[in-house]
Amino acid sequence: MANAGGTAIHILDTKTHQSTKLPDSEGLFSPRWSPDGQSIAFTSTRAGKAPQLWILPADGGEARKITDLENGVSSPSWAPDSHRIAFVSNRTRHDEIWIMDYDGFNQRPITSYGSLSLTPRWSPDNTKLAFTSYALGNPDIFVFSLETNHRIPFPAYKGLNTTPAWAPDGKRIAFCSSMSGDPEIYVSDVNGQNLHRLTFSPGVDISPVWNPKTGNEIAFVSDRSGTPQIYIMSDDGTNLRRLITGGGDASSPSWSPNGLFMAFSWRVSDTGTYDIYVIEIATGRIVQLTHDAGRNEHPSWSPDGRHLVFESNRSGSKQVWTMLADGTDPRQLTHDGTNWNPTWSN
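Below you will find a few notes about this structure.

### Comments concerning the overall build of the protein chain
Line of reasoning, step 1. Counting its regular elements, the protein chain contains zero helices and 31 strands.
Line of reasoning, step 2. By the burial criterion, 49% of the 346 residues in the protein chain qualify as buried.
Line of reasoning, step 3. Put simply, of all contacts in the protein chain between residues at least 6 apart along the chain, 34% involve residues at least 24 apart.
Line of reasoning, step 4. Counting every atom, the protein chain has about 15200 Å² of accessible surface; 49% of that belongs to carbon and sulfur.

### Observations regarding the sheet that holds strand S26 (residues 286-288)
Line of reasoning, step 1. Spatially, four strands are ordered S23-S24-S25-S26 in an open sheet, and the strand pairing comes out antiparallel. Taken across any chain shown, the strands that pair with only one partner, and hence form the sheet edges, are strand S23 (249-255) and S26. Each adjacent strand pair in this sheet contributes to an overall mean axis angle of 30 degrees, direction not counted.
Line of reasoning, step 2. In the sheet, strand S24 (residues 261-267) pairs with strand S25 (residues 275-280) via six bridges, with the strands oriented antiparallel. The residue of S25 that forms the bridge with Met 262 is Ile 279.

### As for the pattern of salt bridges
Line of reasoning, step 1. Taken as a whole and judged by the stated rule, the model has 10 salt bridges.
Line of reasoning, step 2. The partner of Asp 205 in a salt bridge is Arg 224, and the shortest N-O contact between them spans 2.9 Å. With Asp 205 in strand S19 (residues 205-210) and Arg 224 in the loop between strand S20 (217-222) and strand S21 (229-234), this pair connects stretches of sequence that are 19 residues apart.
Line of reasoning, step 3. According to the relative accessible area criterion, Arg 224 is partly exposed, its value standing at 28%.
Line of reasoning, step 4. The closest approach of N and O atoms between Arg 267 and Asp 249, which form a salt bridge, is 2.9 Å. Residue Arg 267 is located in strand S24, and its partner Asp 249 is located in strand S23; the two are separated by 18 residues in the primary sequence.
Line of reasoning, step 5. Under the relative-accessibility criterion, Asp 249 is labelled buried at 11%.

### Brief notes about the side chain of Asp 101
Line of reasoning, step 1. By the element assignment, Asp 101 lies in strand S9 (residues 96-101).
Line of reasoning, step 2. Arg 108 is the oppositely charged side chain nearest to the buried, salt-bridge-free Asp 101, at an N-O distance of 4.3 Å.
Line of reasoning, step 3. In this structure the side chain of Asp 101 is engaged in a polar contact, spanning 2.4 Å, whose partner is the side chain of Asn 106.
Line of reasoning, step 4. If we skip the residues at most four places from it in the chain, Asp 101 touches His 83, Arg 84, Asn 106 and Arg 108.

### Structural notes on the sheet that holds strand S8 (residues 84-89)
Line of reasoning, step 1. Taken in spatial order, the four strands make up an open sheet running S10-S9-S8-S31, and their pairing is antiparallel. Among the strands making up the open sheet, the edge pair consists of strand S10 (108-109) and strand S31 (339-344).
Line of reasoning, step 2. Bridging between S9 and S10 involves two bridges; their strand directions are antiparallel. Following the sheet pairing, Trp 98 is matched in S10 by Pro 109.

Cut-offs and rules
Residues numbered from 1 in each chain as written. Predicted model: local features only at pLDDT ≥ 70, side-chain atom pairs only at ≥ 80, totals over all residues. Heavy atoms only, no water. Helix = DSSP H or I, 4+ residues; strand = E, 2+ residues; numbered from the N terminus. Buried < 20%, exposed > 50% of the residue type's maximum accessible area, 1.4 Å probe, protein only. Contact = heavy atoms within 4.5 Å. Areas by Shrake-Rupley, 256 points an atom, 1.4 Å probe, with all protein chains shown as cover. Pairing = 2+ DSSP bridges. Axes fitted to C-alpha atoms, helices over the stretch in contact; angles between N-to-C directions. Salt bridge = Lys/Arg side-chain N within 4 Å of Asp/Glu carboxyl O. Lys, Arg positive; Asp, Glu negative; His and termini not counted. Polar contact = N/O pair within 3.5 Å; in protein donor to acceptor, adjacent residues only side chain to side chain.

Purely geometric numbers; function is a separate question.
Structure representation (structure tokens):
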């Protein structure tokens, strides 16, 4: 048990009733255990007037500040698991793929190609990342094993190849390719074999994402109507329908884990800004989650459906943020360089 008696963290052994004060834990409020019992989150004004979020190792050690928000934070709450977030960062002067823990800790690069790497997506078992890379001169689909730290072979098709997405069973990948002219949606096995083209419309079809619950539907973005809009089709290309009908520019679809909702970014009018919305697919009911100046884009659901990670330039530069699925409790996770295109592991 952790408590903040005397504005410091004390660990109480519930069997012996002995209390031990943790070092570097003075001046704090609202301590919360991490799900794995290894860390304690708390708020503190030790670094200024506004309370910020800090994390302290449960066995002692130095506390680390992980937020720097003008109005501070309160009442921290851990997600029920310690999944990771992949994102793109230019902090090494090149756009590389990075990963971090869901709380912003342990940020580390995955690629070091000295080129342009974009659109990371986790495999269902979280052992691989598929992404777009210009490392060989052409925008290609790369598949990278996090177990071996090596690439897994995938064909280098001609033209633009981008926005890969894993099927829920991990056996297929959907992606955008201009190998036949216009950028269209294709599906193949994870080794690039058994390639099938799903869309046949003039314009750009891009950013496919599978229904994680059923595995038999794919949402994607298309400008076939004149502006980017979100469509849904069966995984064989049939039963096409437009999901967002309110005009504007709609993009970055992300299916909720239960398959009932879609998060997306939407600029409703030409003079508006991009914000994050959620639509209930069965009813078409839309809820706006962000209401900030600047751009809020590329939402991605946490595996439990309780949080969304997204990119925003509300702090002055493009950074990775997280919030609850109802749009409350926004928290900035990255601060160094420019960081965008986050995706939550499964």
